There are 2 protein chains.
Amino acid sequence: MGHKYVYQFSEGNGSMRELLGGKGANLAEMTSLGMPVPQGFTVTTEACTRYYEDGRAIAPEIQEEIFTYMGKLEEIAGKKFGDAGNPLLVSVRSGARASMPGMMDTILNLGLNDTVVEGLAKFTNNPRFAYDSYRRFIQMFSDVVMELSKKRFEEIIDDLKEKKGVKQDVELDTDDMKELVRRFKEFYKAEKGVDFPQEPKVQLMEAVQAVFRSWDNPRADVYRRMNEIPYDWGTAVNVQSMVFGNSGDNSGTGVAFTRNPATGEKALFGEYLINAQGEDVVAGVRTPSPISKLHEEMPEVYDQFASIANKLEQHYKDMQDMEFTIENGKLYMLQTRNGKRTAAAALKVAVDLVDEGMIDEKEAVLRVEPKQLDALLHPQFDPAALKKAAVIGKGLAASPGAACGRVVFTAEDAKAWHQRGEDVLLVRLETSPEDIEGMQVAQGILTVRGGMTSHAAVVARGMGTCCVSGCGEISVDYANKCFTLDGKTYYEGDWISIDGSTGNIYGEAVATVPADPSSGPFGRFMAWADQYRQLKVYTNADNPRDAKQAFDFGAQGIGLCRTEHMFFEGERIKAIREMIVADNVDDRKKALAKIMPYQQGDFEGIYEAMEGQPVVIRFLDPPLHEFLPTKEEDIQEIAKEMGITADKLHTVIESLHEFNPMMGHRGCRLAVSFPEIAEMQTAAVINAALAVQKKHPDWTMVPEIMIPLVGEVKEFKFVKDVVVATADRLIAESGVDMKYEVGTMIEIPRAALTADEIAKEAQFFSFGTNDLTQMTFGFSRDDAGKFLSYYYDTKIYESDPFAHLDANGVGRLVEMAAKLGRTTRPDIHLGICGEHGGDPTSVEFCHKVGLNYVSCSPFRVPIARLAAAQAAIKHPR
Amino acid sequence: MGHKYVYQFSEGNGSMRELLGGKGANLAEMTSLGMPVPQGFTVTTEACTRYYEDGRAIAPEIQEEIFTYMGKLEEIAGKKFGDAGNPLLVSVRSGARASMPGMMDTILNLGLNDTVVEGLAKFTNNPRFAYDSYRRFIQMFSDVVMELSKKRFEEIIDDLKEKKGVKQDVELDTDDMKELVRRFKEFYKAEKGVDFPQEPKVQLMEAVQAVFRSWDNPRADVYRRMNEIPYDWGTAVNVQSMVFGNSGDNSGTGVAFTRNPATGEKALFGEYLINAQGEDVVAGVRTPSPISKLHEEMPEVYDQFASIANKLEQHYKDMQDMEFTIENGKLYMLQTRNGKRTAAAALKVAVDLVDEGMIDEKEAVLRVEPKQLDALLHPQFDPAALKKAAVIGKGLAASPGAACGRVVFTAEDAKAWHQRGEDVLLVRLETSPEDIEGMQVAQGILTVRGGMTSHAAVVARGMGTCCVSGCGEISVDYANKCFTLDGKTYYEGDWISIDGSTGNIYGEAVATVPADPSSGPFGRFMAWADQYRQLKVYTNADNPRDAKQAFDFGAQGIGLCRTEHMFFEGERIKAIREMIVADNVDDRKKALAKIMPYQQGDFEGIYEAMEGQPVVIRFLDPPLHEFLPTKEEDIQEIAKEMGITADKLHTVIESLHEFNPMMGHRGCRLAVSFPEIAEMQTAAVINAALAVQKKHPDWTMVPEIMIPLVGEVKEFKFVKDVVVATADRLIAESGVDMKYEVGTMIEIPRAALTADEIAKEAQFFSFGTNDLTQMTFGFSRDDAGKFLSYYYDTKIYESDPFAHLDANGVGRLVEMAAKLGRTTRPDIHLGICGEHGGDPTSVEFCHKVGLNYVSCSPFRVPIARLAAAQAAIKHPR
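What comes next concerns the included structure. If you're wondering where the values come from, they're calculated on a predicted model, not measured in any experiment.

1. Let's talk about the interface of chain B and chain A
Contacts between chain B and chain A engage 53 residues on the former and 53 residues on the latter. For the pairing of chain B and chain A, the buried interface totals around 4,700 Å² over both sides, and the portion due to carbon and sulfur atoms is 58%. On the chain B side of the contact with chain A, Phe659(B), Met663(B) and Arg750(B) bury the most area, a combined 15% of that side's loss. The tally of links between chain B and chain A comes to six salt bridges. The partner of Asp756(A) in a salt bridge is Arg812(B), and the shortest N-O contact between them spans 3.8 Å. Run the count over chain B and chain A and you get 26 residue pairs in polar contact (both at pLDDT 80 or more). Elements with a contribution of two residues or more to the side of chain B that touches chain A: α26 (668-673), α28 (713-734), α29 (749-753), α31 (769-777), α32 (785-793) and α33 (810-824) of chain B. Looking at the side of chain B that touches chain A residue by residue, the class counts come to 23 nonpolar, 15 polar and 15 charged.

2. Focus on the side chain of Gln335(B)
Residue and element names in this part refer to chain B. Mapped onto the fold, Gln335 is located in strand β12 (residues 330-338). Residue classification places Gln335 among the buried residues on the basis of a relative accessible area of 4%. Ignoring sequence-local partners within four residues, the contact set of Gln335 consists of Lys23, Leu27, Met30, Arg93, Asp321, Met322 and Glu323.

3. What to know about the sheet that holds strand β12 (residues 330-338) of chain A
Residues and elements named next belong to chain A. The antiparallel open sheet is built from five strands, whose spatial order is β10-β9-β8-β11-β12. The open sheet is flanked by β10 (289-290) and β12, the only strands paired with a single partner. One ladder, built from seven bridges, connects strand β8 (residues 252-259) with strand β9 (residues 266-274); its direction is antiparallel. Counted as the bridge partner of Gly254 is Tyr272 from β9.

4. Points about the pattern of salt bridges
Using the criterion set out here, one finds 130 salt bridges over all chains in the structure. Across the pair Glu571(A) and Lys574(A) runs a salt bridge whose closest N-O atoms are separated by 3.6 Å. Of the two residues, Glu571(A) and Lys574(A) are both situated in helix α22 (residues 570-581); the distance of three residues between them amounts to about one turn of the helix. The class of Glu571(A) is partly exposed, set by a relative accessible area of 46%. Arg341(B) is paired through a salt bridge with Asp318(B); the nearest N and O atoms lie 2.9 Å apart. With a gap of 23 residues between them, Arg341(B) in the loop between β12 and α13 (343-355) and Asp318(B) in the loop between α12 (299-316) and β11 (320-327) connect regions that are remote in the sequence. In this structure, a network of salt bridges that share partners links the residues Arg56(A), Asp216(A), Asp221(A), Arg224(A) and Lys795(A).

5. Observations regarding the relation of the copies chain B and chain A
Each copy superposes on the other: chain B lies on chain A with an RMSD of 0.2 Å after a rotation of 180° and an axial shift of 0.1 Å. Within this description, the copies of the chain are treated as partners about a two-fold rotation axis. The residues that chain B uses at the interface reappear at the interface of chain A in 100% of cases, marking a shared surface.

6. Notes on the packing of aromatic side chains
In the structure shown here, the tally under the stated rule is 58 aromatic pairs over all chains. Consider the rings of Tyr52(A) and Tyr231(A), whose centres lie 6.2 Å apart with planes at 55°: the pair is tilted. Separated by 179 residues along the polypeptide, Tyr52(A) in helix α2 (residues 45-53) and Tyr231(A) in the loop between α9 (218-227) and β7 (235-241) bring together distant segments of the chain. Consider the rings of Phe779(B) and Phe787(B), whose centres lie 5.6 Å apart with planes at 70°: the pair is edge-to-face. Here the aromatic cluster, defined as three or more aromatic residues joined through ring pairs, consists of Phe777(A), Phe779(A), Phe787(A), Tyr791(A), Tyr797(A) and Phe802(A). Across from the ring centre of Tyr69(B), 4.4 Å away, lies the NZ or CZ of Lys72(B), which sits over that ring. Across from the ring centre of Tyr332(B), 4.6 Å away, lies the NZ or CZ of Lys330(B), which sits over that ring.

7. Topic: the packing of helix α34 (residues 840-848) of chain A against helix α35 (residues 861-874) of chain A
All names here are of chain A. The interhelical angle for the contact between α34 and α35, taken along N-to-C directions, is 50°, at an axis separation of 8 Å. Here α34 lies oblique to α35, going by the angle between them. α35 is crossed by α34, and the crossing has right-handed handedness. Contacts between α34 and α35 involve Pro840, Val843, Glu844 and His847 on the former and, on the latter, Ile863, Ala864, Ala867, Ala868, Ala871, Ala872 and Lys874. In terms of residue class, the contact of α34 with α35 is built from eight nonpolar, one polar and two charged.

Rules and cut-offs
Residues numbered from 1 in each chain as written. Chains lettered and ligands numbered in written order. Predicted model: local features only at pLDDT ≥ 70, side-chain atom pairs only at ≥ 80, totals over all residues. Heavy atoms only, no water. Contact = heavy atoms within 4.5 Å. Buried area = accessible area lost by both parts, 1.4 Å probe. Salt bridge = Lys/Arg side-chain N within 4 Å of Asp/Glu carboxyl O. Polar contact = N/O pair within 3.5 Å; in protein donor to acceptor, adjacent residues only side chain to side chain. Helix = DSSP H or I, 4+ residues; strand = E, 2+ residues; numbered from the N terminus. Nonpolar A, V, L, I, M, F, W, Y, C, P; charged D, E, K, R; others polar. Buried < 20%, exposed > 50% of the residue type's maximum accessible area, 1.4 Å probe, protein only. Pairing = 2+ DSSP bridges. Least-squares fit on C-alpha atoms with pLDDT ≥ 70 in both. Phe/Tyr/Trp six-rings, centres within 6.5 Å; stacked < 30°, edge-to-face > 60°. Lys NZ or Arg CZ within 6 Å of the ring centre and 35° of its normal. Axes fitted to C-alpha atoms, helices over the stretch in contact; angles between N-to-C directions. Parallel < 35°, antiparallel > 145°, perpendicular 65-115°, else oblique. Left-handed = near helix turned anticlockwise from the far one by under 90°.

In structure tokens form, the structure reads like this:
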């Protein structure tokens, strides 16, 4: 006997998800629990993989095995597939390891044809039911298997209803149903050129193939990418004997949760329809009744269902989402699974289950998806308002939350409108550091260009502001203060709304509800998580406000304080430009001296906000041309302001031009060229720490200075020597006994490859996985958007390596660097400060390779805390 | 007793170069051979390292040790340092492990002061000699130790000669010498504010320090970088008792080689001066006599010297370069070393030594610097003409050889002038593929921007054309067809000359002599090299002409045939632009179909030129925007030509804009997006190979297709599938039984890290170390020039990682990938096709990590052959 590709429900159990898919495993489990499950069999996920390996074909031996199991099902059911006398009908449903919207819909009533329908009509003595079932089957099969849109069939129904002058499907009689069947088949033939398949075995095999095929459809791709489901899992197919909720008024179908999926409240929650089949409940043709009503209509069935629901929840120790059908007063369970729920519900259910003694705290910590916490921390759209709003476009979900405001196009306008008390939504081609103040006052930010790690995205996440980036379909007209999207033009002052969790854009005001994490069991739950966590969680913050926010969210330090963002405000940018234009050390030092007090002040504010926790300050990183104007009018104006000729400024700008700025004169390369910058920044850090230390004698200030873009130990040593000379002098002069540390980013492959050398000098490593990903893959995050779509289409990449750390490539470098670093400095601190620091799967990776901390934007701190806890529970060190 | 930092000559020997430097080791060796060497001692290279470790100071214990050894020298010499009665004078000379021009000059007569000079006058009964020696000492010490320019002293001498009405130094008498000493000391005090140091011990320690210091001067830096001498070697210092060639007419000094260093001819070759000290021979104040004349003037001394010279050559088994002094008829040997020689001499000496039975062939192969072969392959300046020419600027030595021609500024003008029979030198800000035809006809190419791997440099090396790139001091005015350099303006048609081996630029015509490698023992020598070599040597060639050239130079295949250069000529570029502008597959395919025949024709030509040897063809690599115009006028014109609006073309250009093109939409990313490009290129390769196979049934054609910029196995597999589908179909249709291979570049760090995965699909790897270096270091070769100078100044990098493979970082990736690749495909071919393939140290690395071949530009093929042979001899696998 060959490999087994098919399992009867009675052969499986709940632990066989990988092979049978979630649905199949749960059907098997319910069967073994003795629950009323219509019997059937599951074609395994391995058969799906085999289907793709065989060039999208079901191998003959698998087909044969399926028919063998169909034979066994006929025996159990006491009916025969394709037999008009006592017909066995089946449903065919997909079922992957994880629940996957976007894959194939259910096909019901499979096995019907022109003769079987007649038999069914006789056998059930219910011809209307038989023809209703047949027309449903034709419709579903055509839609799902043959890609003939369901809508076209609906049009035929509507046409008939109009003719008959009726409104509801239920008002159509047997003859109408027969007429529909006739018209459907006719339409099918017209469209497909062949008759609707009459052979049940052909119908079955086509349906199984359609399920396998649907694993690869674009909607499934998108869902998998969003939810990190590997393509190679494949899907199983469940073939189950039909029970009929549409057999009459003693029948029905419904869905229900054991707890309220929106709030987590403990009570049966769901709805059902009498005399209906599955799709009717969701299709909205009739309004379903709340599940509580079943208690009145069919008390016995209700009690039986409630008891089963309770048993299932006890069994799975989690809130269940169930489908059931009542056929002539008898209850059948069609599916159960752990129910999807809102963030608030997830927390409440987890905490309640602990209080009810069903699970322990460790298990509770594993029950909430870290990413879900986002919804608790950011405003969300009011679900009622959202239902009515139309999506006019879609960008990248760059910073979560919902926002609604009036369109403005410049940072200045954002400030001006904000001062008038207006909610504004800043729309830009892309943002730059000069836009910071405008971004701070905006409800949300929408950009045309730029990816998940663009300036807009990074800064918005830092501020916890909603942002949708990279919506290339928008065309902006700055001159006339308007933008066009989806054929409509929006002017300054028009209301729009954006959803930074989905990337959706709405051309109107959609009401939002504010976030209030403190109201629920958030604090209690997070305290449990913190018990298990071994990674520390730091934050990336560049100003006291963000630092305070992160501190309140539980950040234990700052892992990345960028200093360049501070350079853009007011007088500072002028001094920076003076420094850039200077052609000798003295003039540069003079300009830097002007910046020093500002930097020191900023650092003091940040130290205060963090109340003595570690703060890692990174030295100036971007290429200097980022601080110079690009537009001719700005160049003219700024040259005038600086008292130099526009020609001179042009010359400087040209001399700083780079072909590949990402790989240009930036990071520590600036400090090697202009050590006076590092001197100034060292002085600002050390003086600030000394001042705060004096003010708070009970804190132990240990400022940490981080040198970016290091690729060679001598390069690090050169800058470190500059830092140490300045720091030691200032500390000696102060008379305060303060320690400090000098470490480096590991963001250049060569740094990872030579980490043993670098660790001889560097006291800590912080993996800058944004740049490390760029260099390791050899693609620029600003440009990758153009070709990555082809890579997703072709399954070469299944997720964005800037969102999820690429364990196979970038991860190898991280692991190698961590090991090498520890060989020469066993007590080296290791952290990560790239955007991956707030991504749960990346946090898990960081835990596994033994880093000491992750650092992420303030609003991702709770996510990282939870992800770190889950990683520690799953992979004890 | 502490560490030993000083060795008497009699304590050392010739094997102690690392510790004593080359000069010190050879002085010790000559001493042990019983040759007449003035005795002395060597302060070791470790003392130099210690000097830098101690913050540029000589530790007291080392000073003490030096004085102890001075005491021993006094005993041997029977004279006393600083004793007017019987003074010991010494010379102080630097001596690194390798001979290093650019370091400190010699100081002679050290130990003289106002009283000792009087004693010396009495003791030798030769006051003129004594004061001549003193004034020389003051002059040398001031110049070398105190940085008071020698010229200033020469002016004082000239002034005195004028006053006295004499022309020659020898015409100055004792009083004149005394007067010079007086004036020199006066000038010294005026400049330095202190008296000339009178204490001999102070003089000595200052001189030793000056030697150590000179290890770090800018000229030494440049020399080290050019010759790959590590900074950490340090230099030794030799202190030797003086013998005086200026003691009278029975004395003299000279230099001689055992063979002619220009031709290699076996005969004593050199010159000497009677009554002179060392520097007089080179200073040119009097014309020295040829060494043969010594045979007449002092036959006994000559015979003794000839015998010693012969003994030294037999002893060292190599041509010797010796310095000697005759003091009152007695011969002293001051130095011997293996003589520097021209490429032609190096080959002749190596071959002659084998014929003379002194060394074997293996040893001979080690005797020629691979890089030297360049001079045999390219035209060189006529040395006489070069002496008279003035350097007006310096760029990068981008492609070796010498060139002389009339300035033109565009490829079109180059062609026009060339057609009129003129030699032209093409001057460009930078070159681009459109300039190819102009570059082909130019004698040489000079660019303002771009490094060693810029377009100009790479293409010029491929063509064997002389190129100086990146001379930033030039300002070009295209509009007026002129450029300015060193304060002078050169117009179209003006003659200039460039030296691609040094980077020098001359503002005039300098005559060149053509290369003629076949005239000497080149062939015989290279055949020896090929016996030992284990690496195969391939070439990088994109056209039949280069391929033929490389084949003639011994290339065993083509390791990199770029296909994009073929896209620029005539009709092709039009079709390429059509393809780029096309917005659907069909239009793209139509445009590609136009290019196909050209590509196929090119490939056939290349296959023919290589006579059936392997040819690896790389698929399209650069981003598509490189094929589009950038200037507004060109955009207008080309849009018109293409029959589209300029707006449309602008839109396409804008849509292709990239922030970091190096990390953008290029390489295999193009084939993933537009598989039809890969289809067309596959068809061109396979059809060409089939055609050539049919024409030459005795050849076994195995076309190799190389996919660039791969970072992930699925990406490679995707493109490979496209290639295989097309190739298999064409081969099947042809009825010819032909194999082919599909492999990949390893040029993205991630490819190296996941090489085991990639090797499951790829049949060969070719390390693209240009891009791999960029990504591993995280710097763009186009931009690195701006900051690398700071890195050289600070010794962070000692050589250009684009010229010499960085073994520590990039090399680790190469080694890792080679190992990983072989784990999953043990018979994988491994090669390198970056610019490093022609660099001797990089070739050695490739041999050590076990690659199968290196591939380099045609004119570097002989260099790579020799370097590979030397690597195999030094590191047997």
